[in-house]
Amino acid sequence: MYAFDFHRPTTLRQAVSLLAKSEDAKLLAGGHSLIPVMKLRLASPRTLIDLSQIQELTGVELKGRSLVIGAMTRHRDVANSPIVQEAMPGLAAVPASIGDPHVRNRGTIGGSIANNDPNADYPAACLGLGATIITNKRKIPADEFFTGLFETALEPDEIITKVSFPITRKCAYEKFKHPASGFALVGVFVAKRGSEVRVAVTGAGASGVFRVPSFEEALKKRFAPKSLEGLSISPEGLASDIHASAEYRAHLVGVMARRATAKAVAYG
Amino acid sequence: MTGTGIGAAVRRKEDLRFITGRGHYTDDISRPGQAYACFLRSPHAHARIRSIDTSAAANLPGVLAVLTGAELQADKIGNLICGWMIHSKDGSPMKMAPHPALAVGKVCYVGDPVAVVVAETLPQAKDAAEKIVVDYEVLPAVADPAKAKEGPQIHEVAPRNTIYEWALGDKAATDAAFASARHVTRLDIVNNRLAPNALEPRAAIGEYDAGSDSFTLWNTTQNPHVARLVISAFVGLAPEHKLRVIAPDVGGGFGSKIFIYPEEVVALWASKRVGRPVKWTCDRSEAFLADAHGRDHVTHAEMAFDDKGKIVGLRVHTIANLGAYMSTFSSSIPTYLYATLLSGQYAIPHIYCEVDAVYTNTVPVDAYRGAGRPEATFVVERLVEVGARELGIDPPELRRRNFIKSFPHQTPVIMTYDAGDYEASLRKALEIADYKNFPKRKRESARRGKLRGIGFSTYIEACGIAPSQAVGSLGAGVGLWESAEVRVNPTGSVEVLTGSHSHGQGHETTFAQLVSDRLGIPIENVSVIHGDTDKVQFGMGTYGSRSGAVGMSAIAKALDKVEAKAKKVASHLLEAAEGDIEFKDGKFIVSGTDKSATWADVALHAYIAHKFSGQELEPGLKEGAFYDPTNFTFPAGCHICEVEVDPDTGEVTIVGWTAVDDFGVVINPMIVEGQVHGGIAQGVGQALLEHAVYNSDGQLVTGSLMDYAMPRAGNLPSYKVDMTVTRCPSNPLGVKGCGEAGAIAAPAAVINAVTDAVGVEDIPMPATPQAVWSAIRSRAQPRQAA
Ligand SMILES: Cc1cc2nc3c(=O)[nH]c(=O)nc-3n(C[C@H](O)[C@H](O)[C@H](O)COP(=O)(O)OP(=O)(O)OC[C@H]3O[C@@H](n4cnc5c(N)ncnc54)[C@H](O)[C@@H]3O)c2cc1C
C-alpha cells in the first residue's frame, strides 16, 4: 500500500466538499473491494474519504411502494432486516449470498454498486428490480447506471446516497457460486411487478450485468419456470475463463433463471 | 496406560497458545535493528536479462542495499541443489541445472527472484523494488509438461528439457503378461498441479553477528538441520558450526517448507552485506508464484486382467513436471515415492513404470502432502475401479480378489510390505458406509433429480521414511534416521529434544504422551524441544509421515537407555542388586519386596550422586539415541466417497465419507482423526477444486485465492472415521504414520464416485462443475437418472 491522506467526515455535505476539492480522492465504504487493490498496489488514491461516520447514509426504510436502502448499509444489515425480509425476501437473499460473515459485516450496498464488479450480486438485483440509484446530485435508473466492467454512470464528484427498490414479492435471486471466489459465476435475478417482468444476469456478461429480453417476454406470458424451458441465450458476448466457458455460462443462465422463477413464484 | 499415555485422546498442549494468538511464528520475531527485504521477481516465464539498473532504487530513502545475481556471484554464493540423484534408463545422471538464489543472466519462471532490496521499512523496500529497471529479452516459454520436450530449451545442461528418463520394473515380463491378458483397462490421467497454501506464508530472518562471525536464520522450515547442512555445505554461506537455524512455530507446511529456497539464503547473505538483521515475509500473492507446487503428472496407464479378474500386469508412463529448477527433493517424488507404490494393496506380479521428468517455465515442483503416493494411488485405484466396471465385477469384489493376503510381501517395485489386513478395513468400511443400501439411496436421489455415485479407494502408502541404507542405494544424499535426546531434570521433569519438527502435527502432545507412558509422569512434566540447531544436535525433520515411526522410535530408544541408567541409580538408592529392580507405573521396586523409590527420587539421586561412587556410575540422567528404521511403514486403508451430482449444473456434492485406516498403534486417536480430516480435505481439494494453472506463455492464471479454489468447510461432509489395527513390526512402537493418508486416498475415491454418478470415465481433476457438466453432455447416450 502507498501512503494516503485520510478523512472521516460526519455529514454528506462535508464528504461532498472533500471529494470536490481533493485531488485523486476515493470514497471508502466497507473497504472490501478498495483496500485489497490498494494493498496489492494496483490502486493508489492520494486521499481516502471514509463514509462510515455519516449517519444519514445508513438504514432501511419503506417509502410508499418502494424500499429505500442507504448506501452505507452493510450486507448483513440488509440481509437481516425484517423490513426487507417481509417486503422482498427475494432481495434479502442477495446480500445474504455475498462472501462470508466478515465480508457481510463490512461490505455495503453503495460500495458494491459503485464498484460494479462483473461478478457482484447487487447489480443483478438493482437491474432486475428496476431500482433507482440516488446520489448527492441526481436519480439514476439502474438501466442507465451500470455501464461496463467496473464502470458506472457516476461522475468523479458523485456519491451514492441511497438505492430505491420498487416493491414486489414476486422476485428472487439464484446464484451459482464461483468455486474459488464465491462471487457469482452466474447469478440471475427475476422479478415480476404488475405486468412488468425483468430478468437480470450477473457474472456471465463480458461487460457486466445485463437483461435477457427473450426470457422476460416468455415470463410475461406466464410467470412460471416452464415458460423458460427450451429457451437459452447465446454464448456470444459472454465471459469465458478457466472456471467457465461462455457456453457453460450461457447454459447456467437458463438453469438459474428457471430456479429463480420457481422461487419468485413461491414467494409471491 | 496412564491417563495421558499411549492411546489417550489427550487435548493438544500446543493449541492454547495457537488459538489465543500467543504462538511465535517467524514473522512474530523482530530482531534489534532489523531491516526488511523485498524481492523483485520476473514478470516473464522465460527471458534473458540484458541488464539491470539498480541506481534509481538504491538512491531512494531508507534503502540499505539493492543486490542482484552479480553480487551473489561476486561473493561466491553457491547454487541451490537437489539432493537426490536419479539415473536415467541409459545410466546417465539427472541433468541438474544451476539454480542461483538470484537470477544470473536469465529468468526461467514468473516469480524467479531477480533482485532484492533491503530497506529500513517494508514499504520503502517495495517502493525501491518498483524502481529497478530490468531489460529483458523475452524468450518463448513452455509450461505444459506434455509439451516440454518439444518446447524451447530452458537449461544448457538439459536437451529437450529432459532431466531424466527413468524406469522401474521388468519391461519384458510385464509386456508378456499383457500379451496373455484377457482384458486391458487403459486410462489417460492428468494429476493436477497444486499450490500448497499453508496458512502461514514462508518467512525468514537472517542475522549476522560480526563478533563471532556467525549467522542465525529464523525460518519457516520443516527440517532446520537439513537447511543448515545445505546452506553451509552447498551454498557455502557459512560453515555448519557458524550457522544456527531456528524453526520456531511453523503454521503448516504440507511439504512446501521442506525445501531450501532462495529467499532464506538471500536474507542470510544480505544480513552480512548490510550489517543488519534482514527479515522477509512472503505474502499470499508471492506464495502462489514462489512456493514449490505439487503433483503435475501426465500419465498413460494400463492394467491387465486375467479371466478371473486377477490383475496380471501394470504398465505406466508418466511425464512429471519439475518446474524451472530442481527443488531440494524433487527428483525423488515421481520416482521412488511414486513408482514404488504402484502395486497398491494388490498382488500384482508384473509392473513396469517409466517416468520422464521435465523442466518447464513454471515454479519448481516438489513434495506436497503425500508426495508421489497420491499420484500412485490415483493411477492404481482409478484403473481398478474402471477395470471392475468394464469387467462387470463389483468394485469391492475385484479388489478383494486381488488383495495381498500374506506378509511380508515383496512387490515387483522394490517395496516389502511388512504387515496389513486390507480385507478387514474394506469389510469395516463397507459396513459403515452401508454399501448394501446404496441402490436405494441412488433411487432416492434420482427422485430428486440428482445423480448419485459411490467410489472406493483402497490405498497404500510408504511412510516413516526410511532406512538410510535403502534410500542411499536409491540415490538419496542424506540418511533418513532420526535423533532424540531425553534430559531428565533433578526434579524428575523431562525435556525431550527431537530432530522431528512440528508444524501442526501435535508433537508436543504425542511425544509427551510417549514419555508419560514410559516414565509414568504426567505430560505436563514433559516438554518437547525441537526446531533449533543449537539445541538439538541433528535431525532429519518432518515429512513423509515419519515423526511417529522414526522420530518417536528414537525417543523410545533414548528412553530405554534412560530407564537402564535410572535402574542403576535406583539399585544404589534401594540397596538392591540392579537385576532385582523393576520399573513399573513410575516406580522402582525391588522385586518381591515392598521397597520402592519414586521416579522423582531416582532423578534427584542421579544428580546429587550421594548414594553411589562417581567412579562406578556417572552422575546425571540424560541419554541420546539415533534410530534408523528397518523398513518403511505401510499405512493402508479404505475410503468410500458418496456424491450427488446436479445434472443441470454439474455441481458435485459429497454426501458421505467413510474412512477406515490402519495406522498401526495409535498414540492419540483425536490427533490422528484430525490428521485424517485435514488430509481428506486436501484430497477433496485436489479432486474437486484446486488447480494451479499456467497459460501457454507461462503466466500463472490462478495467482490468488480469487481463482485458486481452496476447500472450505461447506465443501466437505461429516466424515465417518474409523480404524483397524495391525501392529507395524518394523519399529518398537508399532506405529505407521497418519499424516498423509487422507490426501493420498481421497482423490481417487472422489473421482471414482463422480464417474460412477455420471457414467463417464473421462472426467479431469479438479472435477469442477464445468468439467462435470461437459462430461454429462458428452455422454453418447444420456443415462437416465433412474
Ligand atoms: C473475500 C471477499 C468475498 C466477497 N464476495 C462477494 C460476493 O460473493 N458477492 C459480491 O457481490 N461481492 C463480494 N465481495 C465484495 C464485497 O461485497 C464488497 O464489500 C463490495 O463489492 C464493495 O463494497 P464496500 O462497501 O466494501 O466498498 P469499498 O471497497 O469501500 O469501495 C468500493 C468502490 O466503491 C466506491 N464507493 C464506495 N461507496 C460509495 C458511494 N457511496 N458512492 C460512490 N462510490 C462509492 C469506492 O470509492 C470504491 O471505488 C467480496 C469481497 C471480499 C473481500
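Only a predicted model underlies this, so the values are computations on that prediction, with no experimental measurement involved. (Residues numbered from 1 in each chain as written. Chains lettered and ligands numbered in written order. Predicted model: local features only at pLDDT ≥ 70, side-chain atom pairs only at ≥ 80, totals over all residues. Heavy atoms only, no water.)

What follows covers the overall build of chain B. In terms of regular secondary structure, chain B is built from 19 helices and 28 strands. Over its C-alpha atoms chain B spans a radius of gyration of 27 Å, differing by no more than 12% from the 28 Å that the globule rule assigns to 786 residues. Referenced to the eigenvectors of the C-alpha coordinate spread, the extents of chain B come out at roughly 90 × 75 × 50 Å. Taken across its 786 residues, chain B has 62% of its residues classed as buried. (Helix = DSSP H or I, 4+ residues; strand = E, 2+ residues; numbered from the N terminus. Rg over C-alpha atoms; globule rule 2.2 N^0.38 Å. Buried < 20%, exposed > 50% of the residue type's maximum accessible area, 1.4 Å probe, protein only.)

The periodicity of an α-helix, 3.6 residues per turn, causes residues three or four places apart in sequence to face the same way. Residues and elements named next belong to chain B. Taking 1.5 Å per residue, 21 residues should reach 30 Å; helix 17 (residues 669-689) reaches 29 Å between its end C-alpha atoms and fits that length. Counting buried positions over the 21 residues of helix 17 gives 15, a clear majority of the element. Two or three places before Met670, at the start of helix 17, stands the capping residue Asn668, its side-chain oxygen 3.0 Å from that residue's backbone nitrogen. (Expected span 1.5 Å × (residues − 1). Polar contact = N/O pair within 3.5 Å; in protein donor to acceptor, adjacent residues only side chain to side chain.)

This next bit is on the interface of chain B and chain A. Contacts between the two partners involve 23 residues from chain B, matched on the other side by 20 residues from chain A. Buried surface at the junction of chain B and chain A, both sides included, amounts to about 1,800 Å², of which 52% is carbon and sulfur. If you sort the residues of chain B by the area they bury against chain A, Met706, Gln770 and Trp773 of chain B come out on top, with a joint share of 30%. Scanning the region where chain B abuts chain A turns up 5 salt bridges. For Arg259 of chain A, the salt bridge identified is with Asp648 of chain B, shortest N-O distance 3.4 Å. Where chain B meets chain A, there are 15 residue pairs in polar contact (both at pLDDT 80 or more). (Contact = heavy atoms within 4.5 Å. Buried area = accessible area lost by both parts, 1.4 Å probe. Salt bridge = Lys/Arg side-chain N within 4 Å of Asp/Glu carboxyl O.)

When two helices pack together, their arrangement is given by the angle between the helix axes and by the axis-to-axis distance. Residue and element names in this part refer to chain B. Packing of helix 14 (residues 507-519) against helix 15 (residues 547-573) brings their axes to within 11 Å, and their N-to-C directions diverge by 30°. Relative to helix 15, helix 14 is oriented so that their crossing is right-handed. Contact residues: helix 14 offers His507, Thr510, Phe511, Leu514, Val515, Arg518 and Leu519, while helix 15 offers Ser547, Met552, Ile555, Ala556, Leu559, Asp560 and Glu563. Split into classes, the residues belonging to the contact of helix 14 with helix 15 amount to 8 nonpolar, 3 polar and 3 charged. (Axes fitted to C-alpha atoms, helices over the stretch in contact; angles between N-to-C directions. Left-handed = near helix turned anticlockwise from the far one by under 90°. Nonpolar A, V, L, I, M, F, W, Y, C, P; charged D, E, K, R; others polar.)

Time to look at the site of the ligand. Residues and elements named next belong to chain A. Close contacts around the ligand come from 29 residues, with Leu27, Gly31, Leu34, Thr108 and Asp121 the closest. Contact between the ligand and Ala29: an oxygen atom at 2.8 Å from a main-chain N or O atom of the residue. Ser33 is positioned with one of its backbone polar atoms (N or O) 2.8 Å from an oxygen atom of the ligand. Expressed as a share of its isolated accessible area of 970 Å², the protein-covered part of the ligand is 90%. Every element with two or more residues in the shell around the ligand is listed here: strand 2 (25-28) and helix 7 (109-115). Partitioning the shell around the ligand into residue classes produces 14 nonpolar, 12 polar and 3 charged. Taken together, domain 1 (1-54) and domain 2 (171-267) each give at least three residues to the shell around the ligand, which thus spans both. (Near = heavy atom within 4 Å. Areas by Shrake-Rupley, 256 points an atom, 1.4 Å probe, with all protein chains shown as cover. Domains from an automatic or database assignment.)

This paragraph deals with the nonpolar core. All names here are of chain B. Core analysis: the largest hydrophobic core is formed by 182 residues, its most contacted members being Leu342 and Trp657. A per-element tally of this core places helix 18 (residues 741-758) first, with 12 residues. Judged by nonpolar contacts, the second largest core, of 48 residues, contains Val10, Ala570, Leu574 and Phe588. (Core = buried A, V, L, I, M, F, W, Y, C linked by side-chain atoms within 4.5 Å.)

A separate point is the environment of Ser234 of chain A. All names here are of chain A. Within the secondary structure layout, Ser234 lies in the loop between helix 10 (213-221) and helix 11 (246-267). For the pair Ser234 and Lys263, spaced 29 residues apart in sequence, the C-alpha to C-alpha distance is 24 Å. One polar contact links the side chain of Ser234 to the main-chain amide nitrogen of Glu236, over a distance of 3.0 Å.

Moving on, we get to the domain arrangement of chain B. Residue and element names in this part refer to chain B. Each domain of chain B was delimited in the assignment, giving domain 1 (31-139 + 200-251 + 257-290), domain 2 (297-465 + 631-785) and domain 3 (481-627). Relative to domain 2, the C-alpha centre of domain 1 lies at a distance of 36 Å. Between domain 1 and domain 2, the contact holds 30 residues from the first and 30 residues from the second. Summing the contributions of domain 1 and of domain 2, the shared interface buries around 2,400 Å²; its carbon and sulfur component is 67%. Joining domain 1 to domain 2, the criterion identifies 1 salt bridge. Across the pair Lys89 and Glu354 runs a salt bridge whose closest N-O atoms are separated by 2.9 Å. Linking domain 1 with domain 2 are 10 residue pairs in polar contact (both at pLDDT 80 or more), by the criterion used here. When the residues that make up the side of domain 1 that touches domain 2 are grouped by side-chain class, the tally is 19 nonpolar, 6 polar and 5 charged.

Further remarks concern the sheet that holds strand 3 (residues 47-50) of chain A. Residues and elements named next belong to chain A. With parallel pairing, 3 strands are arranged side by side in an open sheet as 1-3-2. Two strands bound the open sheet, and with one partner strand each, they are strand 1 (5-7) and strand 2. If you compare each strand with its neighbour and ignore which way they point, the axes differ by 25° on average. Note that strand 1 and strand 3 share 3 bridges and pair parallel. The residue of strand 3 that forms the bridge with Asp5 is Thr47. (Pairing = 2+ DSSP bridges.)

Right, let's talk about a nonpolar patch on the surface for a bit. All names here are of chain A. A cluster of nonpolar side chains, namely Val37, Leu40 and Leu42, defines an oily patch on the protein surface of about 290 Å² accessible area. Here Val37 lies in helix 2 (residues 34-39). According to the relative accessible area criterion, Val37 is partly exposed, its value standing at 31%. (Patch = residues over 30% accessible without salt bridge, like charges linked within 9 Å, V, L, I, M, F, W, Y side chains within 5 Å.)

On to the side chain of Arg373 of chain B, then. All names here are of chain B. Within the fold, Arg373 resides in helix 9 (residues 373-391). Of the residues examined, Arg373 reaches a relative accessible area of 2% and is grouped as buried. At 2.8 Å, the side chain of Arg373 forms a polar contact with the backbone oxygen of Ala462. Not counting residues within four places of it along the chain, the set of residues in contact with Arg373 comprises Leu337, Leu341, Glu461, Ala462, Cys463, Gly544, Glu740 and Ile744.

Before going further, it helps to spend a moment on the pairing of strand 23 (residues 587-590) of chain B. All names here are of chain B. Residues Phe588 and Val590 line the buried face of strand 23, whereas the alternating positions Lys587 and Ile589 sit on a face that is not buried. Pairing between strand 22 (residues 581-584) and strand 23: 4 bridges, direction antiparallel. By the bridge assignment for strand 23, Ile581 is matched with Val590. As consecutive antiparallel partners, strand 22 and strand 23 are separated by 2 residues, and within that stretch Asp585 has a phi angle of approximately 50°, a positive value. Note: strand 23 against strand 24 (residues 596-598), 3 bridges, orientation antiparallel. Across the sheet, the residue bridging to Ile589 is Ser596, located in strand 24. Between the antiparallel neighbours strand 23 and strand 24 lie 5 residues, among them Gly592 with a positive phi of about 75°.

Residue and element names in this part refer to chain B. Relative to each other, helix 15 and helix 16 (residues 599-608) sit at 85°, their axes nearing to 9 Å. Considering the angle they form, helix 15 stands roughly perpendicular to helix 16. From helix 15, Val562, Ala566, Val569, Ala570 and Leu573 reach across to helix 16, where they touch Trp599, Asp601, Val602, His605 and Ala606. By residue class, the composition of the contact of helix 15 with helix 16 is 8 nonpolar, 1 polar and 1 charged. (Parallel < 35°, antiparallel > 145°, perpendicular 65-115°, else oblique.)

Segmentation of chain A into domains returns domain 1 (1-54) and domain 2 (171-267). Taken over C-alpha atoms, the centre of domain 1 of chain A sits 34 Å from the centre of domain 2 of chain A.

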